[in-house]
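Here is how the chains run, residue by residue.
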2 protein chains.
Amino acid sequence: MEEIRDTNKKPSEPAPRRVRISDLAQALGLTKSTVSRALNNYSDISPETRERVARVAAEMGYAPMPYAQAVRTGRVRALGLVLELDAPDRYGPFLTDFLGGITQEASLEGWTLTIASSNSREEMEDTVTRLLQEHKVDGFILPRTQVVDPRVKFLQTKHVPFVLFGRTGHGQPDPGLSWYDVDGEGAMRAAVVRLAGFGHRRIAFAGSHASYNFALLRRDGYRDGLEEAGLPFDPALELMEISDRSEGAQAARDLLDLPDPPTAIVYSTDATALGAYDVARERGLTIGRDLSIISYDGIPEGRMVDPPLTTFAVDSQHAGARLASLLIAQLRGAPPGELTELVAAQLEPGGSDGPPVDP
Amino acid sequence: MEEIRDTNKKPSEPAPRRVRISDLAQALGLTKSTVSRALNNYSDISPETRERVARVAAEMGYAPMPYAQAVRTGRVRALGLVLELDAPDRYGPFLTDFLGGITQEASLEGWTLTIASSNSREEMEDTVTRLLQEHKVDGFILPRTQVVDPRVKFLQTKHVPFVLFGRTGHGQPDPGLSWYDVDGEGAMRAAVVRLAGFGHRRIAFAGSHASYNFALLRRDGYRDGLEEAGLPFDPALELMEISDRSEGAQAARDLLDLPDPPTAIVYSTDATALGAYDVARERGLTIGRDLSIISYDGIPEGRMVDPPLTTFAVDSQHAGARLASLLIAQLRGAPPGELTELVAAQLEPGGSDGPPVDP
DNA sequence: TAGGTTAACGAAACCGATTTCGTAAAGCCG
DNA sequence: CGGCTTTACGAAATCGGTTTCGTTAACCTA
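Cut-offs and rules
Residues numbered from 1 in each chain as written. Chains lettered and ligands numbered in written order. Predicted model: local features only at pLDDT ≥ 70, side-chain atom pairs only at ≥ 80, totals over all residues. Heavy atoms only, no water. Helix = DSSP H or I, 4+ residues; strand = E, 2+ residues; numbered from the N terminus. Rg over C-alpha atoms; globule rule 2.2 N^0.38 Å. Buried < 20%, exposed > 50% of the residue type's maximum accessible area, 1.4 Å probe, protein only. Areas by Shrake-Rupley, 256 points an atom, 1.4 Å probe, with all protein chains shown as cover. Lys, Arg positive; Asp, Glu negative; His and termini not counted. Charge placed at Lys NZ, Arg CZ, Asp CG, Glu CD. Contact = heavy atoms within 4.5 Å. Buried area = accessible area lost by both parts, 1.4 Å probe. Salt bridge = Lys/Arg side-chain N within 4 Å of Asp/Glu carboxyl O. Pairing = 2+ DSSP bridges. Right-handed = clockwise from strand over helix to strand, strands pointing away.

A. Examining the overall build of chain A more closely. Secondary structure summary: chain A contains 12 helices and 12 strands in total. Taken over the C-alpha trace, chain A has a radius of gyration of 26 Å; the compact-globule value for 359 residues is 21 Å, which it surpasses by more than 25%. Principal axes of the C-alpha set define a box for chain A whose edges measure 90 × 50 × 40 Å. Residue burial in chain A is summarised as follows: out of 359 residues, 51% are buried. Just so you have it, chain A exposes about 15700 Å², and 52% of that area is on carbon and sulfur atoms. Averaging the coordinates of the 38 positive side-chain charges in chain A and doing the same for the 51 negative ones gives two points 9 Å apart.

B. Representation of the interface of chain A and chain B in the model. Taken together, the contact between chain A and chain B spans 72 residues of the former and 72 residues of the latter. Summed over both sides, the interface of chain A with chain B buries roughly 5800 Å², with 50% coming from carbon and sulfur. The largest share of the area that chain A buries against chain B comes from Tyr67(A), Thr96(A) and His159(A), three residues that together contribute 12% of it. Run the count over chain A and chain B and you get 2 salt bridges.

C. Main features of the pairing of strand 3 (residues 139-142) of chain B. Residues and elements named next belong to chain B. Of the two faces of strand 3, the one lined by Gly 139 and Ile 141 and the one lined by Phe 140 and Leu 142 are each fully buried. In this sheet, strand 4 (residues 162-165) lies alongside strand 3 in parallel orientation, the contact comprising 3 bridges. Bridge assignment links Leu 142 to a residue of strand 4, and that residue is Leu 164. Handedness of the crossover joining strand 3 and strand 4 through helix 7 (residues 150-157) is recorded here as right-handed.

Structure representation (structure tokens):
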């Protein structure tokens, strides 16, 4: 009769009894069912009773246990996030802000965030499957969307609600999906136009991995910016697949070694843009004068370097908060396709860009 | 009778019916109770039946719903982590590794990680209270322990299991607590001894905020190192309260401006040590020759600078994994006081330290 | 004023498990 | 072979809620 597995002796002490719905009902002189319906705003409860129940519930500090509710409702009020440990740049410094945004917003609505991690796509699918199987989450937030993101189809076939941080499908975002994104395209366009306004005529671009949707969009923005500024597009000035500081440095070297080198480089990310500073030091160039740099992200380190990096900053905390909000809305029944948000990146002028020196 | 609140129409499609314990029981020709006890290794189930139940359960893909179990058992198999958004250095780049470690290990045991965040101590207490009230987690992992950590007493009075990342109480860790820590004291001692071995005689220390336990321990290690190397302790060479790169730079300036400046500086963290590189550049000094630097943490950026930073690296992923393991063990009934682990930091030699130049 | 609604609540089933308790059959003992 | 344990399982209670289905009394309406 007794158990074999591990025992869990709580050592001692009172540990105050929590108040259940039956306690509340008894205190009110009502039944559990009435109290439950009153708390859940059913229409067959009189306003006075509803109000009285709410008041006494607050007085007694009653809060329903989510998992007890979940047995019946099937919803646990938890959002899921799977971190991809094998991502090229490991989320960098954004993660704290991002998680903070999600959890703060979720907390306001009484939801929590459950996170898992994976080292590969298969592991990601296994992890998601397990979380769903065990019903530990109601929906997912998917960061770092790819142009064709396997997670999307995977979750769709499983009929699980989700929101994307970033669009998919490059030009035409897939319809019917919920997403939040920052307008990297617009930022890159603005960067090019700004540089052209300073007088630059040869403006290069150092982009990221083309499998990520944001990378293509930012490249598009770069090209649009050239067009808007009336500058010709030169394929030699457009580099892609650059993912860290040293690759960013190498990109700068390659560009500067061209027969007709650029006087300005737009980087797709701050982390790679910092590589240009290394090259400038190598070659005795002054950033902001001999070579102008504008990038994107707004990492703290960009403000620590000399001169400070001119960048289009992303508010990761706000992104997390909005994503949480969108997912919760979807879980409450809002049609997924109508839950999309595109916000502008914020220009943070530093000293890394300026008029080119005349030859 | 109908509900007023949001509806949750699942739009379409099959969505395969999950297998419940009653389905399993029926397929086996047994009752729910027998199946449940068989799966939970009760002693009053015959070995053959137990084996047969396990086999059929696997075949049918049965997995119990944790929240349905929780209604009865009171345990949800979830670990909790509260991120402190107001911390001085915001966790830096460790967070991804740390979370990865926790979740990977937890996942192996069938547990998940629920995270929340707070902007202040009161908010932290409210958050913890809510998570407990709603019974969303079984125990907590507390990072960034302070010398006297208010969270410890708070959780103790609530009778909630927890593990600490880092000890408390400075010299004598509080008994009865579970913790995992990296031996920063030993690392700092080794750093000083290593520098002394190179021939340095004036070795300075740039430490962190004294409210954090690790800061005091590392300072102790510095002093111990001096003693072990037979060098005198000079209060002028010991700085504290340094928390970012610019403060690290200022510390370097202050130290180098002393009448009898140090030839080497041991930094408590990599992030602050990078400030020394900025000062070296300002003053035309060569790191590793004119000024030796050793620090602690092993952030990726330390390997990108020139010369690479000599540092004592911490394995955050391993830390997360071990903390998860310790907490799960405690939740399974292990006595908290016996769950402690101290591991050594790993020396990663770079080029930032070497013999001093003779005057 | 009889008959039909409607408003507001109670009683009981239910969700998917775990755990307590009861009990038939088998095994043991003298 | 009768009585007493075990062994191995079934029946039912339980956890803390939600939801369905009645039911009563007040309110309309004709």
